[in-house]
Amino acid sequence: LESTVCDWLDYRLYTVTPVCFLDRFLHASHPSTHYSDAMQREERCKASVWALENIGISQPRGTLESLALYFLELATHSAELAMQKPDMLAASAIYLAKATIGLHAEIDENAPPSGPPDSLFWDETLEHYTDYTAEELQDVVRVMHEL
């Protein structure tokens, strides 16, 4: 009955998945690319979910996104990662993809080291947009890496 009412009202219900967060976090990892407003991000999230449900995968933009999507796909088969928050999985997938490719955060060579070597793949911008530090991601990243 609820499904019929939602269909009649033309509601689109979807589940929040790591892919919803992945697009925003990827843009945060590339400072030159920004959305003009939050509505565009929301529409891309809905489009990504629709694409995954109906086609099987969204069209990747590049190596980083492809690798992050691959790690998320592996995570769906892990019982250990099943209870993690979608945003934690997306952030961990980006961290692991950046570490795999070797994409270090931009650092000032004259500045003193600001954290452990692992934080080289995670900068303040990503911390801001994900609300996770590199240290908070380490457990999930390790499990993802072992998959």
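Everything quoted here is computed from the prediction, not taken from an experiment.

Q: Sorry if this is basic, but what is going on with helix H5 (residues 86-101) here?
A: Each α-helix winds once per 3.6 residues, and so residues spaced three or four apart point in a common direction. Over its 16 residues, H5 extends 22 Å from the first C-alpha to the last, a length consistent with the 22 Å expected when each residue adds 1.5 Å. Across the 16 residues that make up H5, a large majority, twelve, are buried. Buried within H5 are the following residues: Asp87, Met88, Leu89, Ala90, Ala91, Ser92, Ala93, Ile94, Tyr95, Leu96, Ala97 and Lys98. Taken together, the buried residues of H5 touch helix H2 (18-29), helix H4 (63-75), helix H6 (124-130) and helix H7 (134-146). Of the residues flanking the end of H5, it is Gly102, one or two places downstream, whose phi is positive at about 90 degrees.

Q: Would you take a moment to explain the pattern of salt bridges for this structure?
A: Pairing of side chains with opposite charge becomes possible as their charged atoms draw close. Here the structure, examined in full by the defined rule, presents one salt bridge. For Arg142, the salt bridge goes to Asp139, with nearest N and O atoms at 3.6 Å. Highlighted residues: Arg142 and Asp139, both in helix H7, separated by three residues, approximately one helical turn. Arg142 gets classed as partly exposed once you look at its relative accessible area, which sits at 47%.

Q: Looking at this structure, how should I read the packing of H5 against H7?
A: In a packed pair of helices, the relevant descriptors are the angle between the two axes and the axis-to-axis distance. With their axes 9 Å apart at the nearest point, H5 and H7 run at an angle of 80 degrees to one another. Between H5 and H7, the interaxial angle falls into the category roughly perpendicular. Residues Met88, Leu89, Ala91, Ser92, Ala93, Tyr95 and Leu96 of H5 lie in contact with H7, whose contacting residues are Ala134, Glu136, Leu137, Gln138, Val140, Val141, Met144 and His145. Looking at the contact of H5 with H7 residue by residue, the classes come out as eleven nonpolar, three polar and one charged.

Q: Just to check I follow, could you spell out unusual backbone geometry for this structure?
A: For residues besides glycine, phi is generally negative; the peptide bonds are generally trans as well. Within the chain, Asp10 stands out as a residue other than glycine whose phi angle is a positive 60 degrees. Position of Asp10 relative to the elements: it lies in the loop between helix H1 (2-8) and H2. Residues other than glycine seldom take positive phi values, yet Asp131 does so here, at roughly 65 degrees. Relative to the assigned elements, Asp131 resides in the loop between H6 and H7. Its relative accessible area of 64% is what places Asp131 among the exposed residues.

Procedures and definitions
- Residues numbered from 1 in each chain as written.
- Predicted model: local features only at pLDDT ≥ 70, side-chain atom pairs only at ≥ 80, totals over all residues.
- Heavy atoms only, no water.
- Helix = DSSP H or I, 4+ residues; strand = E, 2+ residues; numbered from the N terminus.
- Expected span 1.5 Å × (residues − 1).
- Buried < 20%, exposed > 50% of the residue type's maximum accessible area, 1.4 Å probe, protein only.
- Contact = heavy atoms within 4.5 Å.
- Salt bridge = Lys/Arg side-chain N within 4 Å of Asp/Glu carboxyl O.
- Axes fitted to C-alpha atoms, helices over the stretch in contact; angles between N-to-C directions.
- Parallel < 35°, antiparallel > 145°, perpendicular 65-115°, else oblique.
- Nonpolar A, V, L, I, M, F, W, Y, C, P; charged D, E, K, R; others polar.

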